[in-house]
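The chain contents come next:
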Amino acid sequence: MSNTPAAAASSSSKSKAGGTSQAPEKRKPLFQKELQHMMYGFGDEQNPLPEIVALVEDIVVEYVTDLTHKAQEIGSKRGRLLVDDFLYLIRKDLPKLNRCRELLAMQEELKQARKAFDVDEEKITSLDCLIHPFFFYEQASSFLFFG
């Protein structure tokens, strides 16, 4: 058996179906546009065949579902699911692990920036209440008309 994604997808679907030939379940496409853009970014045609995009989507959805079920099994021992459960599962795949850590660090940085921005915005609105509403109008009009 080869190690191609198509062979992996067909072998995994056969193993789930118990070796019988069942019709694949029909579901709504979730990531077709995003996958087309990603495939193009990695060197595929700008408009790949819909069958290929559907196959890649099946592989991605199966991988994410499988990873989530494994993380849920790990988290059920504690009673809740954590990000660390996913990091534990991909610990041997260093590029994925490093990318996840990088994205988590960026998420935390964005959260801190939003928090700081919200605090600054609250200070500004509280200062606006203290300043007379026509203050800026009076300043601007005196500047424009009296130079």
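Cut-offs and rules
Residues numbered from 1 in each chain as written. Predicted model: local features only at pLDDT ≥ 70, side-chain atom pairs only at ≥ 80, totals over all residues. Heavy atoms only, no water. Phe/Tyr/Trp six-rings, centres within 6.5 Å; stacked < 30°, edge-to-face > 60°. Lys NZ or Arg CZ within 6 Å of the ring centre and 35° of its normal. 1 Å grid on protein atoms, 1.4 Å probe; cavity = no way out; pocket = protein on both sides within 12 Å on 5 of 7 lines; lining within 4 Å. Points joined across faces, edges and corners; volume = space filled by probe spheres on them. Helix = DSSP H or I, 4+ residues; strand = E, 2+ residues; numbered from the N terminus. Nonpolar A, V, L, I, M, F, W, Y, C, P; charged D, E, K, R; others polar. pLDDT = per-residue confidence, 0-100. Contact = heavy atoms within 4.5 Å. Salt bridge = Lys/Arg side-chain N within 4 Å of Asp/Glu carboxyl O. Buried < 20%, exposed > 50% of the residue type's maximum accessible area, 1.4 Å probe, protein only. Patch = residues over 30% accessible without salt bridge, like charges linked within 9 Å, V, L, I, M, F, W, Y side chains within 5 Å. Areas by Shrake-Rupley, 256 points an atom, 1.4 Å probe, with all protein chains shown as cover.

## A word on the packing of aromatic side chains
Alright, step 1. In the structure shown here, the tally under the stated rule is zero aromatic pairs.
Alright, step 2. Positioned above the aromatic ring of tyrosine 88, the side-chain terminus of arginine 91 is 4.0 Å from the ring centre.

## Focus: the layout of surface pockets
Alright, step 1. Roughly 320 Å³ of internal volume is contained in the second largest pocket.
Alright, step 2. Lining the second largest pocket are 11 residues, and of these Leu35, Met38, Val56, Ile59 and Val60 lie nearest its centre.
Alright, step 3. At the level of elements, α2 (32-41) and α3 (50-76) are the ones that each hand at least two residues to the lining of the second largest pocket.
Alright, step 4. Among the residues making up the lining of the second largest pocket, the classes are represented as 10 nonpolar, no polar and one charged.

## Thoughts on the confidence of the model for the chain
Alright, step 1. Per-chain confidence: the chain averages 78 in pLDDT, with 65% of residues scoring 70 or above.
Alright, step 2. The low-confidence segment residues 1-21, where pLDDT is below 50, has 10 contacts with residues more than four positions distant or belonging to other chains.

## Quick word on the pattern of salt bridges
Alright, step 1. For the structure on display, the rule yields five salt bridges.
Alright, step 2. Between glutamate 102 and arginine 99 there is a salt bridge, and its shortest N-O distance comes to 3.3 Å. With glutamate 102 and arginine 99 both in helix α5 (residues 94-130) and three residues apart, the pair spans about one turn of that helix.
Alright, step 3. The exposure class assigned to arginine 99 is partly exposed, which follows from its relative accessible area of 42%.
Alright, step 4. The partner of lysine 111 in a salt bridge is glutamate 108, and the shortest N-O contact between them spans 3.8 Å. Note that lysine 111 and glutamate 108 are positioned in helix α5 at a spacing of three residues, about one turn of the helix.

## Details of a nonpolar patch on the surface
Alright, step 1. Taken together, the side chains of Leu30, Phe31, Val60, Tyr63 and Val64 make up a nonpolar region of the molecular surface, amounting to roughly 410 Å² of accessible area.
Alright, step 2. With respect to the helices and strands, leucine 30 occurs in the loop between α1 (5-16) and α2.
Alright, step 3. Judged by its relative accessible area of 49%, leucine 30 is partly exposed.

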